Amino acid sequence: MDKDRVYLDKSEIPKQWYNIMADMPKLPAPPISPITGKPVAPEELLAIFPPALLEQEMTDKRWIDIPDEVREIISLWRPSPLIRARRLEKALGTPAKIYYKHEGVSPAGSHKTNTAVAQAYYNKEAGIKRLTTETGAGQWGSALSFSCAQFGMECRVYMVKVSYFQKPYRKAFMKMFGAEIFPSPSELTNAGREALKRNPDMPGSLGLAISEAVEEAAGRSDTNYALGSVLNHVCLHQTVIGLETQKQFAKIGAYPDMIFASCGGGSNFAGIAFPFVLDKINGKKVTAVAVEPASCPTLTKGIYTYDYGDVAKLTPIMQMYTLGHDFEPPAIHSGGLRYHGESPLVSALYNQGLITAQSVPQLEVFSSALMFAKEEGIVPAPESSHAIAATIKEALKCKESGEAKTLLFCLSGHGHFDMMSYEAFTDGKLEDYAYPEAAIAESLKNLPEVK
Ligand SMILES: *Cc1c(COP(=O)(O)O)cnc(C)c1O
């Protein structure tokens, strides 16, 4: 068999998701209602989420069955390949073995489709006809548009206004699958109208787009809201990535020493790493590294406390690493990583020392992306290239020490819609942003008080 390109049969798509809440030494504190100041009552969330997803959000059952219909749809692109980056190893002159799990083969081009299909399925099952969501760079909106189309559901996407105009092809992609896209702030919601009244030229933010999508879903009984990262059920659905990877390594008789994944809200990292973190809890030696932008360093520079998930303070208050819900990250070209908070599960594992984190600056991310593209023939998403940059750094350390470590990274998506960013880089127009220390300190002053 080919040990450099490891494929699995369709029958080897995992039949269950792995829920790390069953095995963590200590669970994150329960989310707090922004209205009552007490732990959120499930009824508060039933206005926007279906019961099955709320159940998955809270359960401590270790294995959760993947519905046949979901497995059938994700089999369009799953199992995804595990590939050895031989030419990259050679170009680096490293004794390290570098493998990557290729999630860019999904219909929307990133790992996000894994949870989008599951979320659409459970909403359909609960009789919901429409889903609303926000999207920044457009990857999540694309994944949900595709997934709603599979179940004959309507999909409405509030897209951060700057991205709406900067990424016209993401918008076109979503329309192909029948979704409606509106630039946020919009005239369709109170949150949007108020923002436009304050500033008609407001460029929009992820936090505001979330507020618009949540407001609409809460106000209509046929409509729910879907989130593309952060929450426990999203991390759960992404574990198909790591579970497949474990089977693939077993087939070639190998095992990773280190795992690198880019980290925005945390679900991509959770997806590849959590099944391996279980191995670690059971005594195996493996280091999982969450890689984030130097300009939005939630784990490496944020604090572990309680904060809102959005600017408008509509979401529950979660125990997590945060830079403050008011923090506006610099306009880096990795829209999928510009988030002030972090998955409570990833945060708790980091706090408990079961995983590690690193941050990388933008220019190193883009030069690593170009090297990977040249050697391996795949244009990576700028988000994914954070993991590539950290892997390359480790491989060069191995070159110095002579260690032949096995390194694994998640290629969370392709970068075919990111050509404007790549052109800005090759034209020498991209820059590094200074670590926004003052802005972070300022926004950390506005954390909610939790007793
Ligand atoms: C959204 C996105 C990420 C970040 O994912 P999180 O699960 O929020 O950490 C990484 N890579 C790609 C390609 C993305 O689209």
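Quantities reported herein were computed from a predicted structural model and do not represent experimental measurements.

Describe helix 18 (residues 419-426), and please don't skip the residues or the numbers.
Listed as buried for helix 18 are Ser421, Tyr422, Ala424 and Phe425. Down the axis of helix 18, the sector holding all buried residues measures 155°, keeping them to one side. Those residues of helix 18 that are exposed and aimed more than 90 degrees away from the buried face are Met420, Glu423 and Thr426. In the core, the buried residues of helix 18 are packed alongside helix 16 (362-376) and helix 17 (384-401). Gly428 occupies a position one or two residues after helix 18 and carries a positive phi of about 75°.

Explain the UniProt feature "modified residue: N6-(pyridoxal phosphate)lysine" (unreviewed entry) in the protein chain to me, using residue names and the numbers behind them.
Mapped onto the present numbering, the UniProt feature "modified residue: N6-(pyridoxal phosphate)lysine" (unreviewed entry) falls at Lys112. With respect to the element layout, Lys112 can be found in the loop between strand 5 (97-102) and helix 5 (113-125). On the accessibility criterion, Lys112 (13% relative accessible area) is buried. What Lys112 contacts, discounting residues up to four positions off in sequence, is Gln139, Trp140, Ala143, Gly228 and Gln238.

Break down the site of the ligand for me, with residues and values.
Residues in contact with the ligand amount to 19 residues; listed here are only the nearest, Lys112, Ser229, Gly264, Ser267 and Ser412. In the model, an oxygen atom of the ligand is placed 2.7 Å from a nitrogen or oxygen of the Gly264 main chain. Gly265 is positioned such that a nitrogen or oxygen atom in its backbone is 2.8 Å from an oxygen atom of the ligand. The protein chains hide 98% of the 390 Å² of surface that the ligand would expose on its own. Here the shell around the ligand is composed, by residue class, of 3 nonpolar, 14 polar and 2 charged.

Would you mind going over the pattern of salt bridges in detail, with residue names and values included?
Using the criterion set out here, one finds 19 salt bridges in the structure. Between Arg130 and Glu154 there is a salt bridge; the shortest N-O distance is 3.4 Å. Remark: Glu154 occurs in strand 7 (residues 154-160) and Arg130 occurs in strand 6 (residues 130-135); sequence separation between them is 24 residues. Its relative accessible area of 4% is what places Arg130 among the buried residues. Judged by relative accessible area, Glu154 falls into the partly exposed class, the value being 47%.

I'd like a description of the environment of Ala312, backed by residues and values.
Tracing the sequence through the fold places Ala312 in the loop between strand 12 (303-308) and strand 13 (317-322). We classify Ala312 as partly exposed; its relative accessible area is 39%. In this structure the C-alpha to C-alpha distance between Ala312 and Leu208, which are 104 residues apart in sequence, comes to 6.7 Å.

So what about the UniProt feature "domain: Tryptophan synthase beta chain-like PALP" (unreviewed entry) in the protein chain? Which residues, and what values?
Listed under "domain: Tryptophan synthase beta chain-like PALP" (unreviewed entry) in the UniProt record, and renumbered for this structure, are residues 77-413. Overall, residues 77-413 shows 44% helix and 19% strand. The separation of its end C-alpha atoms is 13 Å.

Before we move on, can you summarise the sheet that holds strand 5 with the specific residues and values?
Spatially, 7 strands are ordered 1-4-5-15-10-11-14 in an open sheet, and the strand pairing comes out mixed. Since the sheet does not close on itself, it has two edges, and those belong to strand 1 (5-6) and strand 14 (356-360), each with one partner. For strand 4 (residues 82-84) and strand 5, the ladder comprises 3 bridges, and the chain directions are antiparallel. Opposite Ile83, over in strand 5, you have Tyr100 as the bridge partner. Contacts from helix 12 (residues 240-251) reach strand 1, strand 4, strand 5 and strand 15 (406-411), with the element oriented near 135° to strand 5. Taken strand by strand, helix 13 (residues 267-281) contacts strand 5, strand 10 (258-262), strand 11 (287-293) and strand 15, and its axis lies near 160° from that of strand 10.

Quick one: what's the story with the side chain of Glu394, residue by residue and with numbers?
For Glu394, the location among the structural elements is in helix 17. Look at Glu394 and you get buried, because its relative accessible area is 6%. In this structure the side chain of Glu394 is engaged in a polar contact, spanning 3.0 Å, whose partner is the side chain of Lys405. Apart from residues lying up to four places away in sequence, Glu394 is in contact with Met258, Phe260, Lys405 and Leu407.

Summarise the sheet that holds strand 9 (residues 223-225); cite the residues concerned and give the values.
In sheet architecture, strand pairing relies on hydrogen bonds along the backbone and comes in two forms, parallel and antiparallel. Read across the open sheet, the 4 strands follow the order 8-7-6-9; overall the sheet is parallel. What marks the edges here is a single partner per strand, and that holds for strand 8 (180-184) and strand 9. When the angles between neighbouring strand axes are averaged without regard to direction, this sheet yields 25°. Bridge analysis of strand 6 against strand 9 gives 3 bridges, and the strand direction is parallel. If you follow Leu131 over to strand 9, its bridge partner there is Asn224.

Go over the nonpolar core, please, and point to the residues and values.
Formed by 73 residues in total, the largest nonpolar core has its most connected members in Trp17, Phe269 and Phe274. The greatest single-element share of this core, amounting to 8 residues, is contributed by helix 13. Each of domain 1 (18-29 + 47-66 + 111-232) and domain 2 (78-109 + 238-446) contributes no fewer than three residues to this core. Formed by 31 residues, the second largest nonpolar core is a distinct cluster that contains Leu88, Val360, Leu407 and Leu411.

Can you lay out the pairing of strand 10 for me, pointing to particular residues and giving the numbers?
The element strand 10 is largely enclosed, with a buried count of 5 among its 5 residues. Residues of strand 10 alternate between two faces, with Met258, Phe260 and Ser262 on one and Ile259 and Ala261 on the opposite face, all of them buried. For strand 10 and strand 11, the ladder comprises 5 bridges, and the chain directions are parallel. Residue pairing for strand 11: Met258 is matched across the bridge by Thr287. Note that the unit made of strand 10, helix 13 and strand 11 has a crossover that is right-handed. Pairing between strand 10 and strand 15: 3 bridges, direction parallel. Within strand 15, the residue paired with Met258 across the bridge is Leu407.

Definitions and limits used
Residues numbered from 1 in each chain as written. Predicted model: local features only at pLDDT ≥ 70, side-chain atom pairs only at ≥ 80, totals over all residues. Heavy atoms only, no water. Buried < 20%, exposed > 50% of the residue type's maximum accessible area, 1.4 Å probe, protein only. Helix = DSSP H or I, 4+ residues; strand = E, 2+ residues; numbered from the N terminus. Arc of directions from axis to C-beta. Contact = heavy atoms within 4.5 Å. UniProt positions renumbered as here; feature names shortened; annotations may be inferred. Near = heavy atom within 4 Å. Polar contact = N/O pair within 3.5 Å; in protein donor to acceptor, adjacent residues only side chain to side chain. Areas by Shrake-Rupley, 256 points an atom, 1.4 Å probe, with all protein chains shown as cover. Nonpolar A, V, L, I, M, F, W, Y, C, P; charged D, E, K, R; others polar. Salt bridge = Lys/Arg side-chain N within 4 Å of Asp/Glu carboxyl O. Pairing = 2+ DSSP bridges. Axes fitted to C-alpha atoms, helices over the stretch in contact; angles between N-to-C directions. Core = buried A, V, L, I, M, F, W, Y, C linked by side-chain atoms within 4.5 Å. Domains from an automatic or database assignment. Right-handed = clockwise from strand over helix to strand, strands pointing away.

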